[in-house]
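Secondary and tertiary structure notes
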Amino acid sequence: MDSVAEELATRDPAAQEHTAQRQAPQERPAEPLTEWVQRVSRRVRAFDRRHPLVWDLHLTGFWVVAALIDYVGGGWRNVTRNADTPGWLLLTLTLALSLPLVLRRTHPRAVLLAMAPAALVNAWTGAALQASLLHLLVVFHLAMRRPPRTLWWATAVTITPAAVMATRHSRGGADQDIVPMLMSIAVAAAIGITVRTRRNYTEAMEDRARRLEIERDQQARLAAAAERARIAREMHDIIGHNLSVITGLADGGRYAATKSPERAALALNAISTTSRQALTELRRLLDVLRDEEKHQAPDLAPQPTLTDLDHLIAGVRSAGLPVRTTVHGTPTLAPGRQLTVYRVIQEALTNTLKHAGPGATSHIALSYEGQGAVTVTVTDTGRGDPAHGTAGRGIPGMRERTSLYDGTLEAGPRQAPDQGWRVHLHLPEESPQ
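Anyway, here's the lowdown on the structure attached to this text.

Conventions we followed
Throughout this document, residue positions are counted from 1 along each chain, in the order its sequence is written. Only residues with pLDDT of at least 70 are given local features in this predicted model, and only at 80 or more are side-chain atom pairs given and counted; all residues enter the totals for whole chains, interfaces and linings. Heavy atoms from the whole structure form the basis of all side-chain values; hydrogens and water molecules are not counted. To qualify as a nonpolar core, a set must consist of buried Ala, Val, Leu, Ile, Met, Phe, Trp, Tyr and Cys residues joined through side-chain atoms within 4.5 Å. Summary of the burial criterion: residues with accessible area below 20% of their type's maximum are buried, those above 50% are exposed, and those between are partly exposed, where the area comes from a 1.4 Å probe applied to protein chains only. Secondary structure elements follow DSSP: runs of H or I no shorter than four residues count as helices, runs of E no shorter than two count as strands, and numbering proceeds from the N terminus. Between 30 and 60 degrees the pair is tilted, below 30 it is stacked and above 60 it is edge-to-face, where a pair is any two Phe, Tyr or Trp rings, Trp via its six-membered ring, whose centres lie within 6.5 Å. Put simply, a charge is over a ring when the Lys NZ or the Arg CZ is close to the ring centre, within 6 Å, and near the line of the ring normal, within 35 degrees. The length a helix should cover is 1.5 Å for every residue beyond the first. Here the arc refers to the directions that run from the helix axis out to each C-beta atom. Any two residues whose heavy atoms approach within 4.5 Å at even a single point are treated as in contact. A strand pair is defined by DSSP finding two or more bridges across the two strands.

This paragraph deals with the nonpolar core. Among the nonpolar cores identified, the biggest contains 28 residues, and Val341, Ile345 and Leu349 are the most heavily contacted of them. Counting only elements with at least two residues in this core, the list comes to helix H11 (309-318), helix H12 (335-355), strand E2 (362-368), strand E3 (374-380), helix H13 (394-403) and strand E5 (421-427). Ranked by residue count, the leading element in this core is H12, at six residues. The next biggest cluster of nonpolar side chains, apart from the first, holds 19 residues, and it includes Leu93, Ala119, Ala127 and Leu134.

Quick look at the structure:
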């Protein structure tokens, strides 16, 4: 995490998605006929979900008409076991075996039970109407919409008329009536279970895709919030420090303008240099936010490191704050840890410039240890106001940076009899990779 550009490249979901799309293999386009069938199927299912009664009435009407044609046209005589069955009974059985289908999707168990008496009468009299096979459609819906245990009693209800037919009007043995019916029930149940499994799988995939989309949006929002906080922290460090230095230089130049014009000119030159540096850093920070490919890559400089501390301290001294430094050990810090140390010292000195008051001095103690461990203590001799540096984002920003490396940060007034403010940072040793 050495630069804003690197973090934006790794955290920006849009960039990751764009890269994934470029790297992913191109999917084979579907055939036009397949796309047309899928589109029509989706439209039909959507219409059926909105108006289920329309489809139920059409399907029921189709089977009622087919059953009536079988009755009126005399087709039932080709399979009947009793050609002397009264016409009124045939018509009653035809309607009783077909009209209940209108409720087959919402109440399949009730429909099967309602059709059972008509199926028994049909078998007992030997009419053997083909409309009796419509109960297989109800078995299909039971297998598709109800628990599997429902199929046991549904099979018993459905096979009973076949057993009655085989007993009273047998043609060549019971196997001719019962076995084909059992096979038909098994096929209807298998088709229903297959459709149910397919539907459950599709719903699970749609739910998973929906949850992944929600999770992706949440991650994008979290990444955006984290990036906004990080950019705000960087801008606070850049603007806050440089404006504090410029303010100190301007105050000094105003006091020196009447007595020492040369010193006032030096202060103005320092203000000009500091403001240009601040503008340059802001441009580099804002340029990385551009996502337009037509723009050239921004000219990015590396983030500050420990080698830039001398320049930082020199700028603070030019603003009128005497700073003394003490260094123990040799720095062996990774770039990210160097940036954390730099920003903490920068924030501590900025707060001293803003809150310590006239005549204050500052002392920076750096202690480098092995394997990336470091301890930094920044103290000043200012007023030591408890509100010193706690009103803005400075102290929270330092704590956020420190937490990235499992470090500790203490910031508060110095203990009596000392006067002023103290910031203490400790970063432990780096964990082995």
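Below, the discussion takes up the packing of aromatic side chains. Enumeration over the complete set of coordinates arrives at one aromatic pair. Relative to tryptophan 63, the ring of phenylalanine 62 has its centre 5.1 Å away and its plane inclined at 75 degrees; by these criteria the two rings are edge-to-face. Since its relative accessible area comes to 30%, tryptophan 63 is described here as partly exposed. One cation-aromatic arrangement involves arginine 168 over tryptophan 124; the distance from NZ or CZ to the ring centre is 3.9 Å.

Every α-helical turn comprises 3.6 residues, leaving residues that sit three or four positions apart pointing alike. Along its twelve residues, helix H5 (residues 87-98) runs 17 Å from first to last C-alpha, staying within 8% of the 16 Å computed at 1.5 Å per residue. When H5 is considered as a whole, its buried residues turn out to be Leu89, Leu90, Leu93, Thr94, Leu97 and Ser98. All buried residues of H5 project into a common sector of 145 degrees when viewed along the axis, lining one side. Of the surrounding secondary structure, the elements contacted by the buried residues of H5 are helix H4 (52-72) and helix H6 (108-125).

A separate point is the pairing of E3. The element E3 is largely enclosed, with a buried count of seven among its seven residues. Taken together, E2 and the strand that follows it, E3, pair antiparallel across an intervening segment of five residues, in which glutamine 371 is found at a positive phi of about 55 degrees. With six bridges joining them, E3 and E5 adopt antiparallel strand pairing. Paired with valine 376 across the bridge in E5 is leucine 425.

Purely spatial values, then, with no claim about function.
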